[in-house]
Structure formats: C-alpha cells, structure tokens
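Tertiary structure, described
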Amino acid sequence: MAEQLIITGTSKGEKYKELLPQLEALIGGESDLIANLANISAALRETMNFFWVGFYLVKGDELVLGPFQGPIACTRIRKGKGVCGTVWQEKKARIVPDVNEFPGHIACSTGSKSEIVLPALKNNEVAMVLDVDSDQLNDFDEVDAQYLEQLMRIIERSL
Ligand code: SME
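Structural notes, computed from the coordinates. (Residues numbered from 1 in each chain as written. Predicted model: local features only at pLDDT ≥ 70, side-chain atom pairs only at ≥ 80, totals over all residues. Heavy atoms only, no water.)

**A look at helix α1 (residues 12-28)**
In a regular helix each residue adds 1.5 Å, so 17 residues correspond to 24 Å; α1 covers 24 Å between its end C-alpha atoms and thus fits that length. Gly-13, Tyr-16, Leu-19, Leu-20, Gln-22, Leu-23, Leu-26 and Ile-27 are the residues of α1 that are buried. Considering only its buried residues, α1 is in contact with α2 (33-48) and α4 (142-157). (Helix = DSSP H or I, 4+ residues; strand = E, 2+ residues; numbered from the N terminus. Expected span 1.5 Å × (residues − 1). Buried < 20%, exposed > 50% of the residue type's maximum accessible area, 1.4 Å probe, protein only. Contact = heavy atoms within 4.5 Å.)

**A closer look at the packing of aromatic side chains**
Under the criterion given, the structure shown has four aromatic pairs. Pairing Trp-52 with Phe-68 gives two aromatic rings, centres 5.3 Å apart and planes at 20°, and the pair type is stacked. Linking Trp-52 in strand β1 (residues 52-59) with Phe-68 in strand β2 (residues 62-69), this pair joins segments that are 16 residues apart in sequence. Note on Trp-52: relative accessible area 4%, which makes it buried. Every member of this aromatic cluster is reached through a ring pair, and the members are Trp-52, Tyr-56 and Phe-68. (Phe/Tyr/Trp six-rings, centres within 6.5 Å; stacked < 30°, edge-to-face > 60°.)

**Describing the site of the ligand**
Close to the ligand lie 13 residues; Val-83, Cys-84, Ile-106, Glu-115 and Asp-133 are nearest. At 2.8 Å from a nitrogen atom of the ligand is found a main-chain nitrogen or oxygen belonging to Ile-106. Within the side chain of Asp-133, an N or O atom sits 2.8 Å from an oxygen atom of the ligand. When isolated, the ligand has an accessible area of 310 Å², and the protein chains bury 98% of it. (Near = heavy atom within 4 Å. Polar contact = N/O pair within 3.5 Å; in protein donor to acceptor, adjacent residues only side chain to side chain. Areas by Shrake-Rupley, 256 points an atom, 1.4 Å probe, with all protein chains shown as cover.)

**Quick notes on the side chain of Ser-41**
Relative to the elements of secondary structure, Ser-41 occurs in helix α2. Overall, Ser-41 belongs to the buried group, its relative accessible area being 1%. Only 3.4 Å separates the side chain of Ser-41 from the backbone oxygen of Pro-67, close enough to count as a polar contact. Residues within four places of Ser-41 in sequence aside, it is in contact with Val-53, Gly-54, Phe-55, Pro-67, Phe-68 and Gln-69.

**Some details on the packing of α2 against α4**
Axis separation between α2 and α4 bottoms out at 12 Å; the angle between their running directions is 165°. One element, α2, and the other, α4, form an angle in the roughly antiparallel class. Crossing handedness for the pair α2 and α4: right-handed. Every residue of α4 that contacts α2 at Leu-37, Ile-40 and Leu-44 is listed here: Leu-148, Leu-151 and Ile-155. Each residue belonging to the contact of α2 with α4 can be placed in one class, and the counts come to six nonpolar, no polar and no charged. (Axes fitted to C-alpha atoms, helices over the stretch in contact; angles between N-to-C directions. Parallel < 35°, antiparallel > 145°, perpendicular 65-115°, else oblique. Left-handed = near helix turned anticlockwise from the far one by under 90°. Nonpolar A, V, L, I, M, F, W, Y, C, P; charged D, E, K, R; others polar.)

Next up, the structure:
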C-alpha cells in the first residue's frame, strides 16, 4: 500500500469511514505489531487532529506506553488506575467528557481535557488499550466510539 492516506471527507464520520479501510490495508500488509500501531497512531492524529493518540500495552501487571503521537506521556499505569487502567480492568471502552470529573484520572498533560479509551482483546484478555485525548471538553461521542471500536476489532485480528 502507498505510504499516503487519502481523505476527502470533512465531517468526523466521513473521515473515519475513509480512514478505516486504509488502516486495514496498512495492517494487512505488515506483520510487525509495533510498526502497525505506530502508523495507526500517526494516521489518527494526522486525519482527526487529536491532541494525543497512542497505545498502552499490557506487560505483566502494568500498562506500558507503546507507539503514540503527541506530547510525551506517562510510561506505566497500574490496573484499575486512571481511565486506561479502568478500561483494562473492566474490558470496556470509556468516554470521559471532562477528565477532571473522572476520579483517579492520570494527567499526563494539562492540555488534555477529554478522552476516549478502548481495549483490544486477545484470548478474551486485554492486550492493549488505545487512548485518544482532546484539548477540548466533551470532544468524543458515539461516532468516535463506533468507528474506534471497529478499529480495535481490526487490530485484534492481527494479534
Ligand atoms: N489520562 C490517562 C493516562 C494516559 S495519558 O492521558 C496519555 C489515564 O487517566 O489513564
């Protein structure tokens, strides 16, 4: 696949709709997980203009920072801690409209105001989470959840 994204839509839904098959093709042509997660992070940030987007990988009893795009971030998160650790524990995606309202939120950057975190499962266990942060309050909705869930299913097929 060409190392270039083609996005013509202007609405959030249109952009996701065009992006997902291109990401699927990108992953399909490469077996290295880290390379794929790196390109997915870059593609999401470039297309959707997110403040921070990246993966935390389950390693033993912690989440460890993986490929990401944006300001530097915390490297390790324990199960049940912050939004990412909660999503790991609950195996369920979370939209946080205002990070200051989330008990135990881990503020890697003061610029982050809202976030969405989704898990990818392997053998019914969380293998990683995708964390997307916005510098705007209440920036994520069902459109993000729906398309990013599809993306996690695509990633799961490569695990
Ligand atoms: N806010 C996240 C930590 C990761 S950073 O935002 C990149 C959390 O509460 O889990």
